[in-house]
Amino acid sequence: MAKRPLAAALTSAALIATLAACGSKEDLKPVAGQPAAQIPLGATRAPTTEELTTPDAQARPERSDELLKRSERREPDDFDLPPPG
């Protein structure tokens, strides 16, 4: 019975090592023999790999970490109504 936990541990260690080796840190390249990606409608040239993999501002908005320095009175808001009832 002692062999099963050891076998499970070795199997999981081998699986983790295999998955760790899957990551690639090379630049993306088109597949040989395959046609290049089509140019988007209205564009004058095909986008580069860097342009395709960089998220735009809407996909990754800027974060505002500005702290409140002092208390300020709020402006009146006509739509800030109490709940009905």
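In what follows, the accompanying structure is described. (Residues numbered from 1 in each chain as written. Predicted model: local features only at pLDDT ≥ 70, side-chain atom pairs only at ≥ 80, totals over all residues. Heavy atoms only, no water.)

When helices and strands are counted, the protein shows two helices and zero strands. The buried share of the protein, taken over its 85 residues, is 0%. (Helix = DSSP H or I, 4+ residues; strand = E, 2+ residues; numbered from the N terminus. Buried < 20%, exposed > 50% of the residue type's maximum accessible area, 1.4 Å probe, protein only.)

All chains considered together, the criterion is met by one salt bridge. Taking the shortest distance from any N to any O, the salt bridge between Arg45 and Glu51 comes out at 2.8 Å. A residue is classified by how much of its surface remains accessible, and Arg45, at 46% relative accessible area, is partly exposed. Overall, the relative accessible area of 41% leaves Glu51 in the partly exposed class. (Salt bridge = Lys/Arg side-chain N within 4 Å of Asp/Glu carboxyl O.)

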